[in-house]
Amino acid sequence: MKVISAVLLVAVFWSQEWKSTLSDSIIHIGAIFDESARKDDEVFRLAVADLNLNNEILETEKITISVEFVDGNNPFQAVQEACELMNRGILALVSSIGCMSAGSLQTLADAMHIPHLFIQRSPAGTPRSACPPTSRVPGTDDYTLMVRPPVYLNEVIMQVVSEYSWQKFVLFYDSDFDIRGIEDFLDSTSQQGMDVSLQKVESNINMMITSLFRTMRVEELHRYRDTLRRAVLFMSPATAKAFITEVVETNLVAFDCHWILINEEISDYDLQELVMKSIGRLTLVRQMFPMPQNTTQRCVKHNHRINTSLCDLKNPKAQQLEITNRYIYDTVLLLANTFHRKLEDRKWHSMASLSCIRKNSKPWQGGKSMLDTVKKFGVSGLTSFLEFTDNGTNPNIFFEILGTNYGEDRGRGVSRLATWDPVHGLNGTLTDRKLENNMRGVVLRVVTVLEEPFVMVSENVLGKPKKYQGFSIDVLDALSNYLGFKYEIYVAPDHKYGSLQPDGQWNGLMGELVFKRADVGLSALTITPERESVVDFTTRYMDYSVGVLLRKAERTVDMFACLAPFDLSLWACIAGTVLLVGILVYLLNWLNPPRLPMGSVSSTTLYNSMWFVYGSFVQQGGEVPYSTLATRMMMGVWWMFALIVISSYTANLAAFLTITRIENSIQSLQDLSKQTELPYGTVLDSAVYDQVRSKAMNPFERDPMYSQMWRMINRTGGGDNNVEESKEGIRKVKYGRFGFVWDAAVLEYVANNDEDCSFYTVSNNAPDRGYGIAMQHGSPYRDIFSQRILELQQNGDMDILKLKWWPKDSPCDLYSSVQTRQRGSALDIHSFAGVFCVLAAGVVLSCLIAMVESWWSRRKGSRVPSKETQADGPSARQAADPCSHNPSEHPLALGGQTQNQTPNTANTTAPTATHYQPPACCDIPCALIVQHSFEPTNPSELTPKMRMTTFTTSPPTPRTIRRSTWSTYTAGLTACAPRTKAPTSSSPPLPSI
C-alpha cells in the first residue's frame with residue numbers, strides 16, 4: 001500500500017512539473033520517427049539542445065519536444081500518435097518516416113493547420129523512390145513541406161549511362177527497393193534502344209548465387225558473366241557490399257567489368273569498403289552537400305554554432321551521419337529561426353489543445369501564418385542551405401559522381417569524376433583519362449595462326465625469334481603504340497583456329513586461350529556464338545563474308561577468230577546466197593540479153609555472173625555491166641544486203657578482237673550451289689564449315705542456298721571436297737577443277753597477288769560477321785582494345801591499313817567472270833592467224849591453178865596438125881583460122897582509109913564513122929582504139945580523147961556507134977593478130993591526133 005501511494009505521488013509531481021514547463025515554454029515541437037531510426041531521435045535532441053543554449057535566436061525562450069516512434073508501414077499508428085501530439089499543443093510536426101505513413105500525416109496536418117516538415121526515409125537504406133501524390137481537397141493549403149529534395153535518381157543515372165555509351169547492361173535492385181521509382185528511367189532507355197535486363201537481389205545472396213550455378217549450364221554461365229560486365233546497382237550500401245563480395249569470390253565478374261552504384265546514402269566509410277571489395281571499374285553516385293573545407297566555417301552558420309561532433313569531418317560521429325540526420329538538424333534550426341521572427345506576435349501560440357477525435361474541432365488559427373514564415377526564409381546548416389519553394393519542396397540538391405579506373409588491384413584510389421545538379425546538369429567528364437597509359441609495362445602473350453594477309457612470317461632467321469607481318473599484325477602494333485603494352489607472339493601448335501572436340505575440349509588457337517596459355521588470339525579470327533561462349537572478343541575491326549575462289553577460264557588460241565562474229569550456219573547461208581544470186585543474175589541476162597554500147601564487149605556466162613556477184617559482195621566491184629531493169633533491181637537488193645552484212649561483220653569483228661570477255665557460269669554463291677559439275681569445299685572444322693552446316697541444318701536459320709552447298713561440302717562425310725589447311729585449297733584451285741569456299745578477304749588477297757592473275761572471287765556482299773581479337777574470358781583488356789579499335793575506325797587509320805593489303809589499283813581483275821574489261825588490248829597474231837591461213841591457202845591454190853592452165857595451154861598449142869590440114873596448104877589454114885591475116889589486109893587497119901573512101905569536106909562538123917567488120921575471132925583478144933576529135937572554131941582548143949575498150953570475142957556492131965557531135969570518129973584495129981603471129985615491124989604506126 002505504501003508503494004502504491006509513492007507511485008501516485010511521483011505521478012502527480014511529474015504531471016505538475018510538465019504543466020509548469022509547458023506553461024513556461026511557448027515553443028513545443030512534436031516529432032514522429034520510424035522505430036528503426038533511433039539515430040534521428042539522437043540528432044533531433046542534440047539540435048534542440050544546441051538551440052536552447054543559443055540566446056541569440058530564442059532569447060529567453062526554450063524549445064520543448066515530444067517524440068513518438070511508429071512502425072513505418074502502419075499509417076493508423078502514425079495518425080494516432082500525431083493526434084496525441086496535437087492534443088499537447090505542438091506548433092509544428094517533424095516526421096522522418098516512409099511514404100506510406102507520411103501520406104496519412106499530410107492529410108491530418110492539412111485538416112488541423114499544423115505545419116508538417118516531412119523528411120522522407122527509405123527502408124533499410126535503399127535508394128529513395130518518389131512518394132505518390134496524396135489526394136487533397138481542392139482549395140485547401142498544403143501544410144506539408146518536403147524537407148528532402150525531389151528524387152532525381154532517374155535523371156542522374158540516365159545521363160551517366162549515356163556518357164558511358166552503354167547500350168546493354170543489367171540492373172540489380174534489392175528486395176526493399178520500390179521498382180516503381182525507376183519507371184521513368186526504364187522508359188527513357190527503351191526509347192533510346194538500350195537493352196536493359198532487370199534482376200532482383202534476394203536477401204540471401206549466397207543462396208541466390210548457388211542456385212545460378214546449379215540451374216545454369218556452362219554456356220549459360222558464360223553468357224551470364226558477359227551480361228555482368230555492365231551493371232547498375234539500385235541497392236543499399238550494405239547489400240551492395242555483400243553482393244559484390246559474393247560475385248567476385250564466385251568468379252562471376254572479371255577485371256574488365258564496370259558497375260555503377262547509385263544511392264544518396266553512401267558514406268565515406270561505405271565508399272572505401274565498396275572499393276576494397278570490388279574489381280574492375282566502379283562508379284558511385286551519391287548526394288553531396290557543398291561545404292567549406294575550413295572547420296570553423298563549416299560549424300559556424302550565421303548566428304548559430306553547430307555541434308562540433310556533427311560538422312567536423314575528422315570526428316567519427318560526423319563521418320557516420322546519415323542524410324536524414326542532416327536534414328533533421330537543419331529542420332530544427334529552421335523552426336527555431338522561424339519562432340524567433342514570430343516572438344513579437346504573442347497571438348500565434350495562444351490556442352486551445354487540438355482534438356482529432358471531436359467532429360467540431362477547429363484547426364489552429366495561427367497555422368497559416370506559421371507556414372508562410374517557414375516558407376519565406378531559409379537557413380544554412382549541415383545540408384548547405386535549406387529553403388522551400390512555393391509548392392513546399394526543397395530545390396537544393398547536388399550529386400557527385402566518384403569512380404575508379406580499371407585494374408586488378410583492390411583498394412584503388414577514388415576520384416571525383418563529375419557533379420550534377422538540376423540546374424546545370426552534368427559538370428565534368430566521365431572518360432577515364434588514364435585509360436591510354438594503364439598498360440605500360442604489360443607484356444601480352446599472343447597466339448596466332450598463319451593466314452595471308454592477316455598474319456605472315458616476314459623474317460625467319462635461325463636462332464632469332466620470327467618476325468611477323470600482316471593486316472592483323474598492323475592492327476596489333478597500332479594498339480601497342482597507343483596503349484603502351486608489348487607482346488610475344490607464337491603460332492598455335494596444331495596450326496588450327498580451333499573447334500569443340502567430342503570430349504568437350506577446344507583445340508587450336510581457341511584452346512590456347514581457354515587453357516590460359518595465351519592472353520590474346522589474333523589472326524583471321526571470326527566472331528561466332530560458339531567462340532564467344534568460351535572467350536571474349538573485342539569489337540570487330542573488319543567485316544567478314546563468305547566467298548569462293550575459282551580459276552579463270554583459260555583463253556584458247558582460235559586461229560579463225562575472224563570468223564567468230566558469224567555463226568557457222570550464217571556463213572553457210574551467206575555462201576549459199578552468193579551462189580543463188582549469181583545463178584539468178586545469169587538467168588535474167590539469158591532471158592533478156594542486154595544492149596552493150598560501142599566498144600563494150602561482155603559475156604554473160606555463169607562464171608562471170610558468179611564472179612560479179614562475189615566481187616560486189618566483198619565491195620570490190622565487177623566489170624560486167626547489166627542494163628536490164630530486172631537485173632538492176634536484183635543487184636540493188638543484193639548490194640543493200642551486202643552492205644548490211646559487211647557492216648554487221650565489221651562491227652562484231654571489232655568487238656570480238658578488242659574486248660576480251662571471259663564468261664563463266666558461276667557468278668554468285670547461288671550459281672555455285674545450283675551446279676554440281678565443279679566440286680568445291682572448305683577447311684574441315686573451320687568457322688566457314690560450321691557456318692555452312694549451321695545455316696543448312698538449323699531449322700531456325702535454314703537457307704536453301706547453304707543447304708545445297710552443304711550437300712556438296714559434306715559429300716562422303718566431308719573427306720573428298722574439304723582440306724586441312726587453306727593453302728591446300730588454294731593449290732587445288734590453281735592446278736585442278738575445284739572451288740575453294742573461304743573468307744572473302746583472304747581470297748581477294750590471294751587473287752590480287754597471283755602472278756598469272758588466274759583467280760577470280762565470288763562473295764556474299766552482305767557481311768554477317770566480323771573479325772575480332774580474342775581474349776581470355778573475363779580479360780580486363782577487352783574494353784580498352786575495343787575503344788581504341790573504334791577510334792582507329794573513326795579517324796580513318798583502319799582504312800589506311802586495309803589499303804596496304806587490299807589496294808584499289810590491283811593489277812588483276814578479281815571479278816572478271818561478271819565484269820568486262822573496259823579498255824581494249826592490242827591484237828595479237830593469234831587473232832589473225834586464220835586470215836593468214838586463208839590467204840596462204842588462196843596463194844597455194846592460185847599457183848596450182850596457174851600451173852594447170854600453163855600445162856593445158858602448152859598442150860593445146862603443141863597439138864600436131866592433121867594430115868588433111870597439111871595437104872590443103874595455106875588456104876586450108878586460113879579457113880581454119882579466120883584471124884590469121886596481116887594487118888595490111890584490112891582496109892581500116894591501124895586507122896588507114898580505103899581507096900574508095902573520101903573524107904567529107906562539105907561539113908567538117910558532122911561526125912563521120914567508119915565501120916570495121918573484123919572476122920569472127922573466137923578467142924583472140926583484140927583492142928579497139930576509138931579516137932575522138934573535135935574541130936572547134938579555134939584549133940588551139942583541140943582536145944584529143946582516147947578510149948580503149950577491151951573485149952574478148954565479139955567486136956562492136958555498126959549500130960552501137962551512133963551519130964553525135966564528134967567531128968571525126970575513126971576506129972582502128974591495133975591488134976587482132978593470130979595467136980601464132982605477132983605484129984611485124986613493117987606495120988604502119990598509129991595515126992596521130
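It should be emphasised that the depicted structure is a prediction, and the values quoted were computed from it without experimental measurement.

Caption draft 1: Up close: the overall build of the protein. Along the protein, the regular secondary structure elements total 32 helices and 33 strands. Residue burial in the protein is summarised as follows: out of 993 residues, 45% are buried. Look at the contacts in the protein between residues 6 or more apart in sequence, and 74% of them connect residues 24 or more apart. With the model as given, the accessible surface of the protein reaches about 52,800 Å², and the carbon-plus-sulfur share is 55%.

Caption draft 2: Up close: helix α6 (residues 153-164). For α6, built from twelve residues, the straight-helix expectation of 16 Å at 1.5 Å per residue is met to within 8% by its first-to-last C-alpha distance of 17 Å. For α6, every residue scored as buried is listed here: Leu153, Asn154, Val156, Ile157, Met158, Val160, Val161 and Tyr164.

Caption draft 3: Main features of the sheet that holds strand β22 (residues 520-522). Read across the open sheet, the five strands follow the order β21-β18-β22-β30-β23; overall the sheet is mixed. Either end of the sheet is taken by a strand with one partner, and the two such strands are β21 (486-491) and β23 (535-537). Neighbour to neighbour, the strand axes of the sheet diverge by 30° on average, direction disregarded. Against the sheet, helix α17 (residues 471-483) contacts β18 (443-448), β21 and β22, and its axis sits at roughly 160° relative to β21.

Caption draft 4: Representation of the pattern of salt bridges. The final tally for this structure, using the stated rule, is 24 salt bridges. When the shortest N-O distance is used, the salt bridge between Glu512 and Arg517 registers 3.2 Å. Linked through salt bridges whose partners overlap, the residues forming this network are Asp268, Arg286, Glu400 and Arg416.

Caption draft 5: Structural detail: the pairing of strand β2 (residues 63-70). In terms of residue burial, β2 counts as a mostly covered element, since six of its eight residues are buried. Of the pairings in the sheet, the one linking strand β1 (residues 27-34) to β2 comprises eight bridges and is parallel in character. Directly across from Ile27, in β2, lies its bridge partner Ile63.

Caption draft 6: Representation of unusual backbone geometry in the model. Geometrically, the link from Glu452 to Pro453 is a cis peptide bond, its omega value of -5° lying close to zero. Considering the arrangement of structural elements, one finds Pro453 in the loop between β18 and β19 (456-459). Not every positive phi belongs to a glycine, and Ser384 is a case in point at roughly 75°. You can see Ser384 is positioned in strand β14 (residues 384-386).

Caption draft 7: Examining the packing of helix α15 (residues 323-342) against helix α16 (residues 367-376) more closely. With their axes 9 Å apart at the nearest point, α15 and α16 run at an angle of 120° to one another. Taken together, the axes of α15 and α16 lie oblique to each other. Seen along the crossing, α15 lies across α16 with a hand that is right-handed. Contacts between α15 and α16 involve Leu334, Leu335, Thr338, Phe339 and Lys342 from the former and Ser369, Met370, Thr373 and Val374 from the latter. The residue makeup of the contact of α15 with α16, split by class, is five nonpolar, three polar and one charged.

Caption draft 8: Looking closely at the pairing of strand β27 (residues 739-743). Burial analysis of β27 places five of its five residues in the buried class, which makes it a mostly covered element. Where strand β25 (residues 546-551) and β27 come together, four bridges link them in antiparallel fashion. What sits directly across from Leu549, in β27, is Phe740.

Caption draft 9: Highlighting the packing of aromatic side chains. Inspection of every chain in the model, using the stated rule, returns 24 aromatic pairs. Put simply, the rings of Phe454, Phe471, Tyr541, Tyr544, Tyr771 and Trp806 touch in pairs and so form one group of aromatic residues. Cation over ring: Lys732 sits above Phe738, and NZ or CZ is 4.2 Å from the ring centre. Between the NZ or CZ atom of Arg788 and the centre of the ring of Tyr482, over which it lies, the distance is 3.8 Å.

About the cut-offs
- Residues numbered from 1 in each chain as written.
- Predicted model: local features only at pLDDT ≥ 70, side-chain atom pairs only at ≥ 80, totals over all residues.
- Heavy atoms only, no water.
- Helix = DSSP H or I, 4+ residues; strand = E, 2+ residues; numbered from the N terminus.
- Buried < 20%, exposed > 50% of the residue type's maximum accessible area, 1.4 Å probe, protein only.
- Contact = heavy atoms within 4.5 Å.
- Areas by Shrake-Rupley, 256 points an atom, 1.4 Å probe, with all protein chains shown as cover.
- Expected span 1.5 Å × (residues − 1).
- Pairing = 2+ DSSP bridges.
- Axes fitted to C-alpha atoms, helices over the stretch in contact; angles between N-to-C directions.
- Salt bridge = Lys/Arg side-chain N within 4 Å of Asp/Glu carboxyl O.
- Parallel < 35°, antiparallel > 145°, perpendicular 65-115°, else oblique.
- Left-handed = near helix turned anticlockwise from the far one by under 90°.
- Nonpolar A, V, L, I, M, F, W, Y, C, P; charged D, E, K, R; others polar.
- Phe/Tyr/Trp six-rings, centres within 6.5 Å; stacked < 30°, edge-to-face > 60°.
- Lys NZ or Arg CZ within 6 Å of the ring centre and 35° of its normal.

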